[in-house]
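Breakdown of the fold
So the chains spell out like this:
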Amino acid sequence: MQFEYTKTNYFKVAGEEEKKAAFGYAEGYKNFLFSSKTERGAVATAVKLCEERGYKPYMFGDKVKAGDKLYFVNRDKNIFVIKIGTNNIGKCGMKIMAAHVDSPRLDLKPNPLFEEAGLAFLKTHYYGGIKKYQWPTIALALTGVVVLRGGKRVEVNVGDDENDPIFYITDLLPHLAQEQVEKTMSKAISGESLNAIVGSIPDGEEEKEGVKAAVLKLLNAKYGMTEIDFQTSELCFVPAGKPRDVGFDRALISAYGHDDKVCAYPELTALFESDGKDTVMAIFADKEETGSDGVTGMQSRVILDIIDNISQSLGANPTLVRYNSKCISADVCSAFDPEYASVYEKRNASFIGCGMSVTKYHGARGKNSTNDASAEMVGYVRDALEDAGVVYQTGELGRIDIGGGGTVAKYIANLGIDTLDAGVPVLSMHAPYEIISKADLYSMHKAMLAFCNKH
Ligand SMILES: [Zn+2]
C-alpha cells in the first residue's frame with residue numbers, strides 16, 4: 001500500500017518498447033501538425049484521416065445507427081467526428097472530447113497592402129493572446145483563403161515549402177534602439193507595427209507605389225485576385241517551417257500551434273481506436289483563442305444541434321443524453337518552467353515528461369469564470385486513467401492571483417454535461433514556437449482512449 005502521492009516521470013517507468021511507441025506516435029503527430037497550422041488546415045487534415053478510415057460525412061436529419069462512423073464539418077473551420085456505439089445512448093450518454101484547433105497568429109487587416117520607402121507590406125491584426133515582441137525577425141508563412149467576386153474560393157499557402165519565399169517583420173537594430181529598449185515589453189512593439197514585408201521590386205510602368213502595383217500584379221497572376229479581394233479573405237501569417245525535435249535525446253518537440261493541436265490529434269486517434277461500445281464524439285473547435293464566440297466556436301449551438309439530432313435518430317431523449325454524457329475539455333496547460341519558477345506553485349504545477357495533466361479548474365481571482373469539475377467527475381476520469389495504467393499528473397495554471405485563463409470547458413458544462421479539463425503541458429505557450437514532450441503527447445492519447453473505453 002502506497003500512502004504518499006508522488007509524480008511519475010514517464011521515461012523513468014517506460015520500458016524500451018513503450019518509449020519506442022511514444023516516439024513513433026509523435027511522428028504521426030508531427031505530420032498532422034505541419035498540415036494543421038490554422039483551423040481550416042486542421043479540419044481538412046482531420047477529414048483526410050477520417051476518410052482513410054471509412055468515416056462518412058453526416059448532415060442534420062440523417063438516420064444513424066450503431067457502428068456508424070461519421071464526421072460533420074461546420075463551415076470548414078470546426079469538425080465533429082462521431083463513432084456511434086452499441087451501448088444505449090440514453091443510458092450511457094456520449095463520451096465527448098473537445099479541443100480547439102485555432103492558434104494565436106497575425107491575421108491580415110481588410111485593407112492590408114501598402115508601400116513605404118520602396119517596400120511593400122501587409123498590415124496585420126493579431127489573433128489571440130500573443131507577446132508582440134516575439135513576432136518580428138522570424139520566418140513567416142502566409143496561409144488562408146480568398147473569396148473572389150461570385151464566390152470562387154482560392155487557397156493561399158506560401159512559406160512552408162522549402163522552396164517558397166517567407167515573409168518578415170523587421171525590428172530595430174540595437175545600435176539605434178536605446179529608446180526602444182527602455183520601454184516595457186508590452187509597449188516596445190505595438191500591434192500597428194506588425195507589418196510584414198511582401199515585396200521590393202517596383203513595377204517599371206508605375207510612377208507612384210510601383211512596388212505595391214507589382215505585388216498586386218503577382219497576386220493577380222497567381223490567385224486571380226485584385227486589391228478589394230483582401231476584404232473577402234481570411235489570410236494570416238503563421239510561423240514558417242516544420243515541427244523539430246528538441247534536445248540530444250529528441251524527447252521534446254518544438255513547433256507552432258501545439259496549443260491545442262497536441263490535444264486535438266490524440267482525441268482523434270483515441271476515437272479511431274475506441275472499442276465501439278459508448279458513442280464517442282471528438283470536436284475540433286475554432287475561435288477558442290478569442291473567446292469561443294461565433295458560428296464555429298464552442299459557444300455556437302451547433303454542438304447542441306448535433307447531440308439532439310444524433311440522439312433523436314437513435315430514439316433517445318436528447319436532454320437525457322446530455323445529462324448522462326461526459327466531456328474531457330482537452331486543452332494544453334502551462335508546464336513548470338524553471339527559468340520562471342516564481343509564477344508557479346511547485347506542488348500544484350504540471351511538469352514536462354510526467355504525463356498529461358488533469359486540471360480541475362481554471363479561472364482567476366478566486367476561481368472566477370471557470371468550470372470547476374466535481375470530485376465525482378475527476379474521480380471518474382482518475383479511475384479510467386489508473387485502470388489503463390496511464391502516467392498522468394494533476395495541476396493548476398500558476399500561482400494564485402498572478403494571472404488566469406480559460407478553456408472551452410465551461411461552455412460545454414453550461415449545456416448540462418459533466419466536463420473536466422485535461423491536456424498536455426506546454427513550455428512557452430502562445431509563443432511562435434512552443435515545446436511539448438513526446439511522453440506527454442502519448443500519455444494524452446492513452447488517456448483519451450481510457451476515457452472512451454471506461455464503462
Ligand atoms: Zn488552448
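Residues numbered from 1 in each chain as written. Predicted model: local features only at pLDDT ≥ 70, side-chain atom pairs only at ≥ 80, totals over all residues.

**Quick notes on the overall build of the protein**
- If you tally the helices and strands in the protein, you get 13 helices and 20 strands.
- Computed over the C-alpha atoms, the radius of gyration of the protein is 23 Å, within 12% of the 23 Å expected from 2.2 N^0.38 for a compact globule of 455 residues.
- Here the protein holds 455 residues, and 46% of them are scored as buried.
- Counted over contacts in the protein with a minimum sequence separation of 6, partners at least 24 positions apart contribute 75%. (Helix = DSSP H or I, 4+ residues; strand = E, 2+ residues; numbered from the N terminus. Rg over C-alpha atoms; globule rule 2.2 N^0.38 Å. Buried ≥ 20, exposed ≤ 12 C-beta atoms within 10 Å, placed from the backbone. Contact = placed C-beta atoms within 7 Å.)

**Regarding the environment of glutamate 434**
- The residue glutamate 434 is located in strand β20 (residues 434–437) in this model.
- Contact partners of glutamate 434, with chain neighbours within four places excluded, come to Ala255, His258, Asp259, Val426, Leu427, Ser428 and Met429.

**Brief notes about the sheet that holds strand β10 (residues 233–239)**
- Read across the open sheet, the six strands follow the order β8-β7-β10-β5-β6-β9; overall the sheet is antiparallel. With partners counted over all chains shown, the strands left at the sheet margins are β8 (153–158) and β9 (195–199), one partner each. Strand-to-strand twist across the sheet, computed as the mean angle between neighbouring axes with direction ignored, equals 30°.
- Those strands touched by helix α7 (residues 210–223) are β5 (105–116), β6 (119–127), β7 (140–147), β8 and β9, and its axis lies near 130° from that of β5. (Pairing = 2+ DSSP bridges. Axes fitted to C-alpha atoms, helices over the stretch in contact; angles between N-to-C directions.)

**As for the nonpolar core**
- In terms of nonpolar packing, the biggest core is built from 122 residues, with Val81, Ala98, Ile283, Phe284, Ala447 and Met448 touching the most fellow members.
- If you tally residues by element for this core, the top one is helix α13 (residues 438–452), at 10 residues.
- Phenylalanine 284 has contacts with Ala42, Val43, Ala46, Asn78, Ile79, Ala99, Val101 and Ala264, leaving out every residue within four places of it along the chain. (Core = buried A, V, L, I, M, F, W, Y, C linked by C-beta atoms within 7 Å.)

**Observations concerning the domain arrangement of the protein**
- You can read the domains of the protein as domain 1 (10–103 + 256–452) and domain 2 (106–239).
- Distance from the C-alpha centre of domain 1 to the C-alpha centre of domain 2: 33 Å.
- Counting residues at the interface gives 11 residues for domain 1, matched by 13 residues for domain 2. (Domains from an automatic or database assignment.)

**Here's the deal with unusual backbone geometry**
- For the peptide bond that leads from aspartate 259 to aspartate 260, omega is 15°, which places it in the cis range.
- Take aspartate 260: it is sitting in helix α8 (residues 258–273).
- Located in the positive-phi region is arginine 75, a residue other than glycine, with phi close to 55°.
- With respect to the helices and strands, the residue arginine 75 is situated in the loop between β2 (69–74) and β3 (78–83).

**Regarding the pairing of strand β4 (residues 94–100)**
- The buried fraction of β4 amounts to seven of the seven residues, a majority that puts the element mostly inside the structure.
- Both faces of β4 are covered, namely the face carrying Met94, Ile96, Ala98 and His100 and the face carrying Lys95, Met97 and Ala99.
- Direction of pairing for β4 relative to strand β13 (residues 279–285): parallel, over a ladder of seven bridges. Bridge pairing in β13 links alanine 98 to isoleucine 283.
- As defined by bridge partners, β4 adjoins strand β14 (residues 326–330) across four bridges and the pair is classed as parallel. Bridging across to β14, isoleucine 96 finds its partner in cysteine 327.

**Looking at the sheet that holds β20**
- Strand order in the open sheet formed by three strands is β11-β12-β20, and the pairing between neighbours is antiparallel. The open sheet terminates on both sides in strands that have one partner only, identified here as β11 (244–246) and β20. Pairs of neighbouring strands in the sheet enclose a mean axial angle of 35°, with direction left out of account.
- By the bridge criterion, three bridges tie β11 to strand β12 (residues 252–255) in an arrangement that is antiparallel. From the neighbouring strand, valine 246 faces β12, where its bridge partner is leucine 252.
- Contacting β12 and β20, α13 crosses the sheet at an angle of about 65° to β20.

**Digging into the packing of α8 against α13**
- The geometry of α8 relative to α13 is characterised by a closest axis approach of 8 Å and an angle of 45° between their N-to-C directions. By the angle between their axes, α8 is oblique relative to α13. Relative to α13, α8 is oriented so that their crossing is right-handed. On the side of α8, the interface is formed by Val262, Cys263, Pro266, Glu267, Thr269, Ala270, Leu271 and Glu273, while α13 contributes Leu441, Met444, His445, Met448, Leu449 and Cys452.
- Tallied by class, residues from the contact of α8 with α13 come to 10 nonpolar, two polar and two charged. (Parallel < 35°, antiparallel > 145°, perpendicular 65-115°, else oblique. Left-handed = near helix turned anticlockwise from the far one by under 90°. Nonpolar A, V, L, I, M, F, W, Y, C, P; charged D, E, K, R; others polar.)

**Section: helix α9 (residues 302–313)**
- Over its 12 residues, α9 extends 16 Å from the first C-alpha to the last, a length consistent with the 16 Å expected when each residue adds 1.5 Å.
- Every buried residue of α9 is accounted for by Val302, Ile303, Ile306, Ile307, Ile310 and Ser311. Seen along its axis, α9 keeps its buried residues to an arc of 165°; they face one direction.
- The elements touched by buried residues of α9 are β2, β3, α4 (89–92), β4, β13 and α10 (318–324).
- Just past α9, the residue glycine 315 takes up positive phi, approximately 80°. (Expected span 1.5 Å × (residues − 1). Arc of directions from axis to C-beta.)

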